[in-house]
Structure formats: C-alpha cells, structure tokens
Amino acid sequence: MNHRVDAPEQAIDFNNENSNTSANPTFDAVLGARLSRRGLLRGSVGTVGTAVLGGLGVTACGGSDDPVAEAKVLGFGAVAKSLADTVVVPAGYTASVLFALGDPMAAGVAAYKNDGTDGDFDKRAGDHHDGMEWFGLGADGKRNDSATERGLLAINHEATTDEKLSSFFLHANGGTSTLPRPASEVDKETAIHGVAVIEVAKSAGKWAYVPGSSQNFRLTALSPIEIAGPARGHAQLITKYSPTGTMTRGTLNNCGTGKTPWGTFLTGEENWFGYFTRGAADDAARGNDKSVTSLKRYGRSQGAASRHGWETGGADDKYQRWNNSKTGASANGSDDYRNEMNGMGYIVEIDAYDKTRMAKKRTALGRFAHESAAFGKAVVGQPLSIYMGDDSRGEYIYKFVTTAVWSAADANPTDRMAVGDKYLDSGKLYAAKFNADGTGTWVELAMTNTAVAGYATYKFADAADIAINTRLAADAVGATKMDRPEWNAVNPANGEIYFTLTNNSNRSIDPTGSQYLPDASNPRAYTDMKGTSKQNGNPNGHLVRLKEGASVSSFSWDVYLFGAEAGADKSLVNISALTADQDFSSPDGLVFSKATGICWIQTDDGAYTDVSNCMMLAAVPGQVGDGGKKTLSYTKADGSKLDIVTPVGKAATESTLKRFLVGPKGSEITGLAETPDGKAIFVNIQHPGEGTAMANVGDATKYQSQWPSNAGYGAGKRPRSATIVITKNDGGKIGT
C-alpha cells in the first residue's frame, strides 16, 4: 500500500520509503527511455453486462496444499473501466458489504455512528482493511478446513486515512494537524491499526458477520506480542518495556498475509518505519555506532518526523515508545526506546482459532517492509519454503527454508503455535539475484557467507543481527534491486512463484542521484502522461514469476505481465499487448484460488486513476518459459543505444485475462479470501475517499467518496474501508 499521487499531498510520504543506497545491481547494463503519451483512450463508466454496486474492492494471498482445479478459460464478461463511486462486478454476480470500519465486534458495543464521536476502537473493526485469510468452522465452533458456510476471517488493518498527522475521518472535527496531538485522538488511531478476527456465516443464502461472537478479537498497536526466533533476547531488542528483549507491543502497518499448512495466520508488517521519530542530534547521542547505519537503512535518519505524532500524546509510556531516540543513560537501552523500531518489521504468527494464545513475531524470516508470506507446496519429508517481498523502491525478494522437514502429523495439531515454533524459528534465509539470461540464484544470508561476515558498511555480529538487519545483509550479497516487490503467491498447479512489482519512479535510462538503470527483470523506464503531468520510471508496474531449480539455490524466471494502458507503445510500454478489457496499472494484491486455479490480481494505483478507479483482474497464467525473449531498445540522452533483453511470458488472450471488478473512488482493491468450494470470495476495499481534503471533513458533498453509505450500508456519509463478499447468482464458482 502506498499513498497514491492523487491523494492530498503530504510533506513526507511515509509509505514511499527509499533508503536503499547500495550499489547492488538493478540487473545488468541498460537502456534509453522513450516518451509514452497518454492518448484519449478512456473507458466507459458502465457497460452492458456489468453489475454496479455502491463500491467494493479486493487483494489476495495463497493457502494450503490441498488438490486444486487448474483453470483453462475465464467464464464471465469483462468489466469496463470505471470512475464511478461504486463497486462494479460482472453480470450474474452480487457483491455485498460485510464488515466496515467501526463495526462492533463484541456484545455491548454501540452501533457505529460514523460521525467522529465513536470510541472503543479496540472492540471495533479497524481501518484500511488489507490482506485476509479464511479459517473454516464446523458446527462445534472448532477448526474445519472443509467448512464452506461458517468460518473466521482474519483481516489486516494496515493504516488510516491522513493528510497531515490526523486520521481525520475518525475525529468529529477532523482532529489536530499540529503538535502536540491530544491523547484521545492518539488512542483512537493506535487502536484502528492491527488485525481483526471475526466470525462470518451464511444463513438463508446471505453472508453476515457475527458481531457478538466469542471468537471475535482484535490485535492493535499496543497488544503484547512475543519475540520468537534467533533475535529473541538480543541486545538490539532491549527496551524499557522489555528489558529482556523478548517482548514488544503491537503489530503495525499490516499488509499482506499468509496461511500456514498447520492452520495459523501470518501477517506482514510493512511501512512501520514512519510511525517513529528521531531527535535531530540522535546520531551523536548514539556515538555514531552501527545502530545509526541500521536506522538510516530502514528509513529513519536523525531528525525524522513521525507520521502521526503519537509520541506527543503525553508522558505515558504508550506514547513515548514512538520516540526512537536515545534519551536514557543506560548502556543497553533498558531505560528508553532507542531500540523500539527493531521490534517492528516481521512476519507475525497468530492463531485465529484461539484468542488466548499470544501472537509471535517470527524473526527468522527477516525484518523489512513485509508483504505476504506464501508457502510452496508442503511435501512430507522435505523442508518448507516461504516466499516474501520487501515493498520499497529498489528492495529485494526473499525465501526462507525451514530446518525442520514437513510431517503430515503437523497438519492438524492440538497446539498450532508450537508447530509454528518448530518450522518458523529455525531455517535459512535467502535473497534473490536475477540474471539477465532468465536464471537466478538464491544467496544465503548467514555468517558463513563471507560477503555478509566481512561487509564493510555494517559489521554483523551473529544470526540475530542478520534477522534484525536483513536489508543490510541482502545489500552485502548483491541481491537484485526490484521495482517494489509487493504480494506474492504460489501457483498451486505447478508450484511457480508470482510477485507483483507495483511501480518504481527511480528507474531511468539516464540515472541521476538515487535513480538507477532498468535491467532484465525490471526492464522498463519510460514517461507516462497523466494529463499534463509526467510520470517517470516504471509507473505501471509488472509481475515476475519464478520456477525453482534442481538445487535450493537456483531458479529460472520470466516476466508474466506488464501493466500498461491499452493504447501505449507496444515496443517499450504495453509489451504484453493488453486490450481495453485487460489494461491495468500498479499491481499489488495477488492470490491463486485453490478451488478454480484463477490468479487474482489487484491494483493500488495512482498512475491510471484519471481513466479508472483501482480494480481486480482474473487471470489464467501459463508457466515460466512459455513465451520468448523480447528486446527493449532505448536511446539515451547522449544518443547512445542500449538494449535490454528480457524473457516474457506467453501473451494473454481475452479468455485468460480480464477485468472482474472496479472499486469506488479513491480506493485500493486488496485482500482476498475464499470458501473452499470457491463459491464465495471476500475482498477488501481500502481507503475509499482517500483524496478528500482534511479541511472538507465537515462537508459530505466534498468527499471524494461516500462509499459504502451510498451502497446502503451503515450510518453517516464518511467513507469507510470495508470487506465485501461476492457470490455468483447461480450458486456456482467465482470466475468460472
């Protein structure tokens, strides 16, 4: 998730971190960019054969290793691009709002008034619904993986809509946009971050969530969470709250998800760095030690301001923890929060079925701007592989391979978190290096790797240091800089791994400053016009896919799809030859359906939003190597020629790629879960109305969006993030 360019301007974009100044390859040498001008192509708001609702959206993630169908063609009429404040789905489908910001999750909590006066947000739906997973429930209220009409949804609440400091839709008058922030406002805002687990059920053909279910629960930015894995108890995790370095408070900026083969929920902490502040003289206060190098690599230079100013809420410890400066006199950090940020940036494991179990941060999987965590196929007697991406410009793709080999007895255990200890606390972490010939190497991040142990920029001490400072270890081994790795998902039909690369404004054929050349795996650098504004780099994004090789350290790859407008230059921009029913920009959410084999692609876009709101597409992908090599020929400013050769997948057809959904104004489509029979999918519509100015919070006529109230859901007119459920009117599987 990133603040889009059409949202109100912030002084600092805390969701667009750009701290990779390493000299690592962005591939080989590269090219010259050609100007691609936006033509007059515009999609219609509505078309025959589509169903229009008051707004809805989507994202996605991958799940278990059960047998899956392999889709051949898509069985619905494509949805046209739309700028309407509605959710549009194909004819023959129904989309309904299920669970929105502020909805009560416990008995006795008042209905949401949606006027800025509501409280008790630790017992309500949080904001910015994001990644999501389904956990089936039987009639006895216990785990049942085949259940299709009752279950739990574990939902990430990533962030909140803000222009400057205040989450203005949460407060009656929009809140304060100056420091200090009132404690009452800060308390609301910390509570709407985190995770919600809710019970949902189908009755008389309709889905609803169960507001008073005893199985509902929330995690917020203040919930106690255990540190697990190699970094547990490490000196860099010692804080005033946890002098032993074994605990932290809260999970933050939760974006992508994963579901373990033993039935627990994984959530990734993404753009957490911007919530912390550092004093202007903090480098010297730390003695310019290696912690300064770490903080800068993770986006916190001295003098950095925080996104919301929560540290100004008062003297209470729960506010002061957001000040990441060295303010105490202790040598180890036990009297301040100089190390607090080191407790964020992990994959967090949660038992959705048991709210009494404390969540755990699985540090062995590394620390960075995590999105989803997708498991490869679980094979008895073999280690498990988990794939991850770091969602910032020029960051890396990772793989974790467990020490323990998979045992079928662990698929349905009594103690799920103990099984998590077995597989997620010990293993090998790798970063990806892409080669120009379509091959690649997984490079281990370990003290046994001399590139890590001898890295001059940062002196690693041990495995825990690598787990906490994973980005620096990946810098050390020369991992390939990618165009913002977002979600990833594993194709259950063949085990290939797909990554969305959302966009990257730092690609240039004539790089200066922090820019860098395009390369084979990130081959585009061009200018796209949005009105009179130039959008440079790779504004539309693409998807890459990997196929594991004969060894744990080898893979092959190609580019599956390039995002582009249909009318763009097919030699340098619309390389995938997308049509008006297929074109998209900034792919983000990604999930494969195990029931149908369909690959769902969701967008979080700002480059193409003058033509269409964000959307979700359905795809039937082939396999790595099913296409051929293409050459992108650029002319640099000095007149020299640069060619980039990149492997590109087989072109999609009208039967294998088409638009399924378009969301309301200002929204991102993210988070997808499905019932095991594939007859219901749950999708999240995040931050509708994000482009509303804070000054207009009191005038509903000036809201960019009034969804979902304009769809008949809930009180008030302030826009709300929400989960929707989509079903097929004939009762069939979605997309077929």
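Definitions and limits used
- Here the residue numbers are simple positions, counted from 1 along each chain's written sequence.
- Predicted model: local features are reported for residues with pLDDT of at least 70 only, side-chain atom pairs are reported and counted for 80 or more only, and whole-chain, interface and lining totals are derived from all residues.
- Excluded from the side-chain calculations are hydrogens and water; all other atoms, namely the structure's heavy atoms, are used.
- Only protein atoms enter the 1 Å grid, on which a cavity is a set of points fitting a 1.4 Å probe that cannot get out and a pocket is an open set with protein on both sides within 12 Å along at least 5 of 7 lines, lining residues being those with an atom within 4 Å of a point.
- Grid points are joined across faces, edges and corners, and a volume is the space filled by probe spheres set on the points.
- Classification convention: Asp, Glu, Lys, Arg as charged; Ala, Val, Leu, Ile, Met, Phe, Trp, Tyr, Cys, Pro as nonpolar; all other residues, Gly among them, as polar.
- Pairing between strands is defined by DSSP: at least two bridges between the two strands are required.
- Runs of E in the DSSP output that reach at least two residues are strands. Runs of H or I that reach at least four are helices, and both are numbered from the N terminus.
- Interaxial angle, 0 to 180 degrees, is taken between N-to-C directions of lines fitted to C-alpha atoms, where a helix line uses only the stretch in contact.
- Three labels apply to residues, based on accessible area from a 1.4 Å probe with only protein chains included: buried if under 20% of the type maximum, exposed if over 50%, partly exposed otherwise in between.
- We call a set of buried residues a nonpolar core when its members are Ala, Val, Leu, Ile, Met, Phe, Trp, Tyr or Cys and they connect through side-chain atoms within 4.5 Å of each other.
- Residue contacts follow a heavy-atom distance rule, with two residues in contact if any of their heavy atoms lie within 4.5 Å.

### So, empty space enclosed by the protein
For the structure shown, the criterion picks out 4 cavities of 30 Å³ or more. Its volume calculated, the largest cavity comes out at about 70 Å³. Lining the largest cavity we find Leu101, Asp127, Thr160, Thr161, Ser167, Phe169, Leu170, His687, Pro688, Pro719, Arg720 and Ser721. When grouped by side-chain class, the residues that make up the lining of the largest cavity number 5 nonpolar, 5 polar and 2 charged.

### Details of the sheet that holds strand β37 (residues 722-728)
Strands sit in the order β4-β37-β36-β35 across an open sheet of 4 strands; the sheet is antiparallel. Pairing within the sheet leaves two strands with one partner each, and these edge strands are β4 (93-100) and β35 (668-674). Taking each pair of neighbouring strands and ignoring which way they run, the sheet shows an average axis angle of 25°. Of the strand pairs in this sheet, β4 and β37 are connected by 7 bridges, and their pairing is antiparallel. Looking at the pairing, Tyr93 lines up with Lys728 of β37.

### Side note on the pairing of strand β12 (residues 254-259)
The buried fraction of β12 is high, at 6 of 6 residues. In this structure, β12 lies alongside strand β13 (residues 265-269), joined through 4 bridges in antiparallel fashion. Within β13, the residue paired with Gly258 across the bridge is Leu266. What sits between β12 and β13 in their antiparallel hairpin is a turn of 5 residues, with Gly263 showing a positive phi close to 95°.

### Comments concerning the nonpolar core
By size, the foremost hydrophobic cluster in this structure holds 46 residues, and its most contacted members are Leu153, Phe660, Ile724 and Ile726. The residues contacting Leu153, other than those within four sequence positions of it, are Leu98, Met132, Glu133, Trp134, Ala196, Val197, Ile198, Val200, Ala673, Phe682 and Thr723. Within the second largest apolar cluster, 35 residues are counted, among which are Leu266, Phe375, Ala378 and Leu429.

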